[in-house]
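An overview of the molecular structure
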Amino acid sequence: MSLATSIVHHIRLTVTDLHRSREFYEDVLGFEVAAESPGNPADPLVRADRFQLYGGVVFQTPGGMLLGLRPVADPNDHFDSERVGLDHLSFTVDSREDLMKAIARFDEAGVEHGDIVEMDQFGIAILGFNDPDGIHLELTAAI
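A brief report on the enclosed structure follows. Everything numeric here is computed off the predicted structure, so don't read it as measured data.

1. Quick look at the layout of surface pockets
Each pocket or cavity is described by its volume, and for the largest pocket that value is around 580 Å³. Lining the largest pocket are 23 residues; nearest its centre among them are Phe 31, Pro 62, Gly 63, Phe 91 and Thr 92. Of all elements in the fold, only strand S5 (89-92) and helix H3 (96-109) reach the threshold of two or more residues within the lining of the largest pocket. Of the voids in this model, the second largest pocket is the one considered here, and its volume is about 250 Å³. What lines the second largest pocket is a set of 15 residues, and nearest its centre among them are Thr 14, His 78, Phe 79, Arg 83 and Ile 135. The residue makeup of the lining of the second largest pocket, split by class, is seven nonpolar, four polar and four charged.

2. What to know about the packing of aromatic side chains
Across all of its chains, the model carries six aromatic pairs by this definition. Ring centres of Phe 24 and Phe 129 lie 6.4 Å apart, and the angle between their planes is 45°; this geometry places the pair in the tilted category. Taken together, the positions of Phe 24 in helix H1 (residues 18-28) and Phe 129 in strand S7 (residues 124-130) put the pair 105 residues apart, joining distant regions of the chain. As far as the burial class goes, Phe 24 and Phe 129 line up, both buried. Between Phe 106 and Phe 129, the ring centres sit 4.5 Å apart and the planes meet at 45°, which makes this aromatic pair tilted. One end of the pair, Phe 106, is in helix H3; the other, Phe 129, is in strand S7, and 23 residues separate them in sequence. Here a set of aromatic residues connected by ring pairs shows up, and it is made of Phe 24, Tyr 25, Phe 31, Phe 59, Phe 91, Phe 106 and Phe 129. It is Arg 70 that lies over the ring of Tyr 54; its NZ or CZ is 3.7 Å from the centre.

3. Some words on the sheet that holds S7
Sheet architecture is open: four strands sit in the order S5-S8-S7-S6, paired in mixed fashion. Two strands lie at the open edges of the sheet, namely S5 and strand S6 (113-119), each paired on one side alone. Each adjacent strand pair in this sheet contributes to an overall mean axis angle of 25°, direction not counted. Judged from the seven bridges that link them, S7 and strand S8 (residues 136-142) form a sheet pairing that is antiparallel. When the sheet's bridge partners are listed, Ile 126 is paired in S8 with Thr 140. Lying over the sheet, H3 contacts S6, S7 and S8, oriented at roughly 170° with respect to S6.

The rules behind each value
Residues numbered from 1 in each chain as written. Predicted model: local features only at pLDDT ≥ 70, side-chain atom pairs only at ≥ 80, totals over all residues. Heavy atoms only, no water. 1 Å grid on protein atoms, 1.4 Å probe; cavity = no way out; pocket = protein on both sides within 12 Å on 5 of 7 lines; lining within 4 Å. Points joined across faces, edges and corners; volume = space filled by probe spheres on them. Helix = DSSP H or I, 4+ residues; strand = E, 2+ residues; numbered from the N terminus. Nonpolar A, V, L, I, M, F, W, Y, C, P; charged D, E, K, R; others polar. Phe/Tyr/Trp six-rings, centres within 6.5 Å; stacked < 30°, edge-to-face > 60°. Buried < 20%, exposed > 50% of the residue type's maximum accessible area, 1.4 Å probe, protein only. Lys NZ or Arg CZ within 6 Å of the ring centre and 35° of its normal. Pairing = 2+ DSSP bridges. Axes fitted to C-alpha atoms, helices over the stretch in contact; angles between N-to-C directions. Contact = heavy atoms within 4.5 Å.

In structure tokens:
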């Protein structure tokens, strides 16, 4: 038996600094806040309460997916794509032109990024970059 799933409903990322990560996803990527915790993430009870979003924030991406930030990581921790768990997260954009626009936006914001990589065998082009915690992200466009 297989479960009849369709699209990803939401993803939550654990971050070290909510303010820094929120600025990145809101100001650099342009995601809109859908919900935010009324509580203080420094409060252990808030950090453990799913109904208070663990002290975090949830964004609505332009494609309709929800992306949450959970500020519970140790400030000295860092992302490692070679450990069990997330390798990277890729967001779909409409065109290769959008990848070029993203490069201009990243350069303006001082966000390091890779080059656009054409993956002809898969019919896509990708642009890799990292969020403030070093979580590997991509933008992907059909070619």
